[in-house]
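# Architecture and fold: a report
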Amino acid sequence: MKLILALLGFLMLGGVTTLILQEPSDSDHAAATSRAMLMGLSDPAGAGPLDGLRFDTVMGLQGKPPELVDYVQFSEGLFMSRECTDRCNYPPSAYLVREVEGGTDFIVEAYCPTKSTTMVWRGPVRGDTVQGTVTWTATRWYWDTQQVLEFKGNLSDRPAEVLTTL
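Described below are features of the structure shown in this document.

A word on the packing of aromatic side chains. The tally for this structure, following the rule as stated, stands at nine aromatic pairs. A ring pair is formed by Phe-74 and Phe-106, whose centres lie 5.2 Å apart and whose planes are at 80 degrees; its orientation type is edge-to-face. Of this pair, Phe-74 sits in strand β4 (residues 68–75) while Phe-106 sits in strand β7 (residues 103–111); the two residues are 32 residues apart in sequence, bridging distant segments of the chain. Both residues of the pair, Phe-74 and Phe-106, belong to the buried class. Centroid distance Tyr-142 to Trp-143: 4.6 Å. Interplanar angle 80 degrees. Geometry classified as edge-to-face. Note that Arg-54 overlies the ring of Tyr-71, its terminal NZ or CZ placed 3.5 Å from the centroid.

Structure below.
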């Protein structure tokens with residue numbers, strides 16, 4: 001939780017100076033992680049453990065029936081959701097994985113370059129299926145809005161696209 005302390009009332013040369021101190025939180029730290037730093041954590045092009053996989057998916061608010069038909073893919077060490085890229089301008093983002101018994105778990109922190117929003121994708125890939133959650137957060141100066149979505153899907157007959165933009 002953000003703790004903002006505003007200290008008002010410094011009278012300097014006839015004017016008022018405002019000083020704002022902010023205590024960082026985990027979410028602040030994640031949002032401050034630069035894209036270049038995340039890219040440094042990605043696997044070399046074509047070497048990510050999930051690279052080449054594309055899943056036809058459906059997505060909707062957690063606990064509700066899915067509303068969106070989408071596909072997600074892993075290519076060149078990057079993750080992409082076609083729907084999120086087309087609708088909201090989310091670029092392909094570095095994905096991190098953990099090999100577990102029976103499959104692979106992944107996490108992606110995707111940042112929108114034109115809005116103060118992030119999407120954190122988490123989920124397991126087990127055989128030919130993927131499922132998980134997406135936490136979408138919009139940061140505003142007055143408060144943050146957060147929604148949790150669910151997605152699930154099956155391995156696609158189509159190959160993953162080559163991603164050329166970062």
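Considered as a void within the structure, the second largest pocket measures approximately 260 Å³ in volume. Along the walls of the second largest pocket sit 14 residues, with Met-59, Leu-68, Cys-88, Met-119 and Leu-149 positioned nearest its centre. When residues in the lining of the second largest pocket are grouped by element, the largest group, four residues, is from helix α3 (residues 82–88). When its residues are assigned to classes, the lining of the second largest pocket shows nine nonpolar, two polar and three charged.

On to the state of the cysteines, then. Throughout the structure, instances matching the rule amount to zero disulfides. The cysteine Cys-84 is free of any disulfide, with Cys-88 supplying the nearest cysteine sulfur at 5.9 Å. Exposure remark for Cys-88: the relative accessible area of 26% places this residue in the partly exposed category.

Around the barrel, eight strands lie side by side as β3-β4-β5-β6-β7-β8-β9-β10; this closed barrel has antiparallel pairing. On average, adjacent strands in this sheet sit at an angle of 30 degrees to one another, irrespective of strand direction. Note that β7 and strand β8 (residues 117–126) share eight bridges and pair antiparallel. When the bridges of β8 are listed, Phe-106 appears paired with Gly-123.

Thresholds, definitions, all that
- Residues numbered from 1 in each chain as written.
- Predicted model: local features only at pLDDT ≥ 70, side-chain atom pairs only at ≥ 80, totals over all residues.
- Heavy atoms only, no water.
- Phe/Tyr/Trp six-rings, centres within 6.5 Å; stacked < 30°, edge-to-face > 60°.
- Helix = DSSP H or I, 4+ residues; strand = E, 2+ residues; numbered from the N terminus.
- Buried < 20%, exposed > 50% of the residue type's maximum accessible area, 1.4 Å probe, protein only.
- Lys NZ or Arg CZ within 6 Å of the ring centre and 35° of its normal.
- 1 Å grid on protein atoms, 1.4 Å probe; cavity = no way out; pocket = protein on both sides within 12 Å on 5 of 7 lines; lining within 4 Å.
- Points joined across faces, edges and corners; volume = space filled by probe spheres on them.
- Nonpolar A, V, L, I, M, F, W, Y, C, P; charged D, E, K, R; others polar.
- Disulfide = S-S within 2.5 Å.
- Pairing = 2+ DSSP bridges.
- Axes fitted to C-alpha atoms, helices over the stretch in contact; angles between N-to-C directions.

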